[in-house]
Amino acid sequence: MTAGTLIDLKNLTLNELSALLAEMGQKPFRAKQVIRWIYGRGVTSFADMTDLSKEFREALALRATISDWQPEVVEDSRDGTRKYLFRLTDGQTIETVRIPMEVERATLCISTQVGCAMQCSFCLTGTFGLVRNLEPGEIVNQVCAAFKDGPINNIVLMGMGEPLHNLDNVVKALQILFLDDGFGYGARKVTLSTSGLVPQMRELGQRIRVNLAVSLNATTDAVRDQLMPINRRYPLKELMAACRDYPLQPRQRITFEYILIRGINDTPQDAKRLVGLLHGVKAKVNLIPYNEHEGSSFQAPTDESIEVFQTYLLSRDIVAIRRSSKGQDISAACGQLKGKLDKAQGLLPAPVRND
Ligand code: SAH
Ligand code: SF4
């Protein structure tokens, strides 16, 4: 929370910032002014906040700081995907991916933890184990830093980490990103992806409105137990019940992410079972061909099996979208850049920009 004894304002929600400013004898509306400077205009020095009195700015500088991130490495993919590696104050690294959607539109994929405790067998991040949770400001700073390269229309919490395993900090970060006087993201612009921590899914629904994505990846408990150990704690029946209960707006749906892995979960029987599981859930399905990596021996599905799977879902009136893995030439799948760099420890490249 603090840099030395200074409070990093990027860690604070509106209420927390208001409380700090109240302690300093300031009126509540000052908090919104400060937020407009930090997030609306990207200002990181109190001296630049020209509509605040000089005395107040000096007093703030004695109590607080505003962290400002620069990526240590930037990698650009041929398809326009850009991957950032950030080094944190304790030397750990995380990654953020900017994915261009159409002209002038982009989605940012952000991390919520260093590593992940969930140990999914297909995921490179899972093999690192959990190192630590990210602070709210470390989640928000990924957006602030990527914003310097241009606007970001949508945010997905699908980078490293399990967001619901760091629920308090993630909720705070979302509250900060949703501030009207700051970035002003609406609930519909932000999607949180989870491996299925059922009690925390229910808590999330009570605490904040945000799009939910669930990494499903299997249609039987036997297969899901093997792919995603969290399923042993919260099996499919409980997971789907939590999905049915998740509060949704009239036209909102839950996104189910389904990584197709050759011979494991990509059969027509799986497609049929998936339709059964989704019964009564306002759902859409993202079909993602497994992205092969050194950390596991799973294989990508054939084009034909993807086609058969998708066609079956569509024939049963389920919205099913085939997602290509973007940025393959720069290892943009979850955790792969970090994996590559950590392996080359000592040979860490100097900051590079390929643009
Ligand atoms: N921990 C959360 C947040 C995102 S994890 C979750 O599991 O939902 C990152 C995303 O990358 C997940 O959707 C995961 O299913 C996907 N992923 C991980 N390894 C992958 C691989 N090898 N190929 C394709 N997608 C992968
Ligand atoms: Fe963690 Fe998600 Fe990877 Fe599973 S898929 S190990 S929950 S980051």
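J.: I would appreciate a short explanation of the overall build of the protein chain in the present structure.
T.: Per the secondary structure count, the protein chain includes 13 helices and 15 strands. For the protein chain, the C-alpha radius of gyration of 21 Å lies close to 20 Å, the compact-globule estimate for 355 residues. Each of the three principal axes of the protein chain carries a C-alpha extent, and together these read 70 × 50 × 40 Å. Here the protein chain, with 355 residues, has 54% of them falling under the buried criterion. In the protein chain, 66% of the contacts between residues at least 6 apart in sequence involve partners at least 24 apart.

J.: How should the pattern of salt bridges be read in this particular structure?
T.: Close approach of charged atoms allows side chains with opposite charge to pair. Within this structure, the stated rule accounts for 16 salt bridges. The residue E16 makes a salt bridge to K172 at a minimum N-O spacing of 2.7 Å. Here E16, found in helix α1 (residues 14–23), pairs with K172, found in helix α6 (residues 167–177); they are 156 residues apart in sequence, far enough to count as distant. Here R132 and E138 are joined by a salt bridge, their closest N and O atoms 3.0 Å apart. As far as burial versus exposure is concerned, R132 and E138 are alike and both buried.

J.: Explain helix α5 (residues 136–147) to me, please; I cannot follow it from the model alone.
T.: An α-helical turn contains 3.6 residues, so any two residues separated by three or four positions project in the same direction. In this model α5 runs 17 Å from its N-terminal to its C-terminal C-alpha over 12 residues, within 8% of the 16 Å that 1.5 Å per residue would give. In terms of residue burial, α5 counts as a mostly covered element, since 11 of its 12 residues are buried.

J.: Honestly, the environment of G80 in this entry has me stumped. Any pointers?
T.: Locating G80 in the fold gives a position in the loop between β4 (73–76) and β5 (82–87). Taking relative accessible area as the criterion, G80 reaches 37% and is therefore assigned partly exposed. Counting along the chain gives 59 residues from G80 to I139, while the straight-line C-alpha distance between them is 23 Å. Among residues more than four places away in sequence, those in contact with G80 are R98 and P100.

J.: Would you mind showing me how to read the site of ligand 1 here?
T.: As a matter of local geometry, ligand 1 sits amid 19 residues, with G161, S193, S215, E257 and N291 nearest to it. Taking F122, its main chain carries an N or O atom lying 3.4 Å from a nitrogen atom of ligand 1. Here an oxygen atom of ligand 1 sits 3.0 Å away from a polar atom, N or O, in the side chain of E257. Notes on ligand 1: free accessible area 540 Å², of which the protein chains cover 92%. Of the residues assigned to the shell around ligand 1, the class counts are eight nonpolar, nine polar and two charged.

J.: I tried to follow the environment of G205 on my own but got confused; where do I start?
T.: Tracing the backbone shows G205 in helix α7 (residues 198–207). For the pair formed by G205 and D245, sequence separation is 40 residues and the distance between their alpha carbons is 8.8 Å. In contact with G205, not counting residues within four places along its chain, are Y246 and P247.

J.: Which parts of the structure should I look at to understand the confidence of the model for the protein chain?
T.: Detailed conclusions should not be drawn from predicted coordinates in areas where pLDDT is low. Averaged over all residues, the pLDDT of the protein chain equals 90, while 90% of them reach at least 70. Confidence over residues 337–355 falls short of pLDDT 50; this stretch has 34 contacts with residues more than four positions distant or in other chains.

J.: Can you help me understand a positive patch on the surface in this one?
T.: Taken together, the side chains of R253, K282, K284 and R323 define a basic patch exposed on the protein surface. Inspection of the secondary structure assignment puts R253 in the loop between α10 (236–245) and β13 (254–260). The class of R253 is partly exposed, set by a relative accessible area of 38%.

Definitions and cut-offs
Residues numbered from 1 in each chain as written. Chains lettered and ligands numbered in written order. Predicted model: local features only at pLDDT ≥ 70, side-chain atom pairs only at ≥ 80, totals over all residues. Heavy atoms only, no water. Helix = DSSP H or I, 4+ residues; strand = E, 2+ residues; numbered from the N terminus. Rg over C-alpha atoms; globule rule 2.2 N^0.38 Å. Buried < 20%, exposed > 50% of the residue type's maximum accessible area, 1.4 Å probe, protein only. Contact = heavy atoms within 4.5 Å. Salt bridge = Lys/Arg side-chain N within 4 Å of Asp/Glu carboxyl O. Expected span 1.5 Å × (residues − 1). Near = heavy atom within 4 Å. Polar contact = N/O pair within 3.5 Å; in protein donor to acceptor, adjacent residues only side chain to side chain. Areas by Shrake-Rupley, 256 points an atom, 1.4 Å probe, with all protein chains shown as cover. Nonpolar A, V, L, I, M, F, W, Y, C, P; charged D, E, K, R; others polar. pLDDT = per-residue confidence, 0-100. Patch = residues over 30% accessible without salt bridge, like charges linked within 9 Å, V, L, I, M, F, W, Y side chains within 5 Å. Lys, Arg positive; Asp, Glu negative; His and termini not counted. Charge placed at Lys NZ, Arg CZ, Asp CG, Glu CD.

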